[in-house]
Amino acid sequence: MDLREHIRDIPDFPKPGIVFKDITTLLANADALRYVVDSFANQYRGRIDTVLGIESRGFIVGSAVAYALGVGLSLVRKPGKLPSQTYSASYELEYGTDTLEIHADAFGHPCRVLVIDDLLATGGTAHAAVELVERLDGEVVACAFIVELGFLGGRQKLGECPVHSLVTYD
Ligand code: AMP
């Protein structure tokens, strides 16, 4: 399965100079969607206790992987979306900062966590998610992505944390 055939480049979205990797075309293809979910599920079967999905495209693949593995799904969301007590982590953007939140009781203990998002770019988002898991005394087994933009160095930003991506653009 060559996933590249199912990922669409949208130049200058959401702003000039960015090439947006559109995975809606991948999600719409039954074989490609199954391939993505099975790839992650087969790799982590029996090795994790929960999937942590990052808002919002991480929710889509994350929930399917959690279902396939028979584990629960925990959520990391943008500020102000989670209704109960939260912890937050901020990270640098090109201009300014962004913040992610997790419920204080997002998962039980001990907990082996698979962090899932659609795409790894600079790694700021995933790094903040890892920080939140560790704040809750969870163990990050790996961070998994459909797409990795290798030239942006996100893997280095995640340091010791194992990074699993299905397609890398260099
Ligand atoms: P980063 O924190 O720089 O690793 O950015 C990762 C987050 O931003 C993910 O949630 C992606 O969905 C989104 N993202 C960043 N760059 C792109 C891109 N070129 N195409 C699609 N999504 C992107």
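Further up the page is the structure itself.
1. Overview of the overall build of the chain
The helix and strand inventory of the chain stands at five helices and nine strands. Listed N to C, the secondary structure of the chain is β-β-α-α-β-α-β-β-β-β-α-β-α-β in terms of helices and strands. Relative to the 2.2 N^0.38 estimate, which gives 15 Å for 170 residues, the radius of gyration of the chain is 15 Å and therefore close to what a compact globule would have. For the C-alpha atoms alone, the extent of the chain along its principal axes is close to 40 × 40 × 30 Å. Here the chain holds 170 residues, and the buried ones make up 45% of them. Accessible surface computed for the chain: about 8700 Å², of which carbon and sulfur atoms make up 48%.

2. What about the site of the ligand?
Close contacts around the ligand come from 13 residues, with Arg57, Asp118, Thr122, Gly123 and Thr125 the closest. At a separation of 2.7 Å, an oxygen atom of the ligand approaches a polar backbone atom of Gly123. Contacts to the ligand include Thr125, whose side-chain N or O atom sits 2.5 Å from an oxygen atom. Here the ligand is seated within the largest pocket.

3. Brief notes about the packing of aromatic side chains
Given two aromatic rings, their pairing is described by the distance between the two centres and the angle made by the two planes. On inspection of all chains with the given rule, the structure shows one aromatic pair. Over the aromatic face of Tyr169 sits the side chain of Arg4, whose NZ or CZ is 5.0 Å from the ring centroid. One residue, Lys21, lies across the ring of Tyr169, its end atom 3.8 Å from the ring centre.

Rules of the game
- Residues numbered from 1 in each chain as written.
- Predicted model: local features only at pLDDT ≥ 70, side-chain atom pairs only at ≥ 80, totals over all residues.
- Heavy atoms only, no water.
- Helix = DSSP H or I, 4+ residues; strand = E, 2+ residues; numbered from the N terminus.
- Rg over C-alpha atoms; globule rule 2.2 N^0.38 Å.
- Buried < 20%, exposed > 50% of the residue type's maximum accessible area, 1.4 Å probe, protein only.
- Areas by Shrake-Rupley, 256 points an atom, 1.4 Å probe, with all protein chains shown as cover.
- Near = heavy atom within 4 Å.
- Polar contact = N/O pair within 3.5 Å; in protein donor to acceptor, adjacent residues only side chain to side chain.
- 1 Å grid on protein atoms, 1.4 Å probe; cavity = no way out; pocket = protein on both sides within 12 Å on 5 of 7 lines; lining within 4 Å.
- Sits in = over half its atoms within 2 Å of the grid points.
- Phe/Tyr/Trp six-rings, centres within 6.5 Å; stacked < 30°, edge-to-face > 60°.
- Lys NZ or Arg CZ within 6 Å of the ring centre and 35° of its normal.

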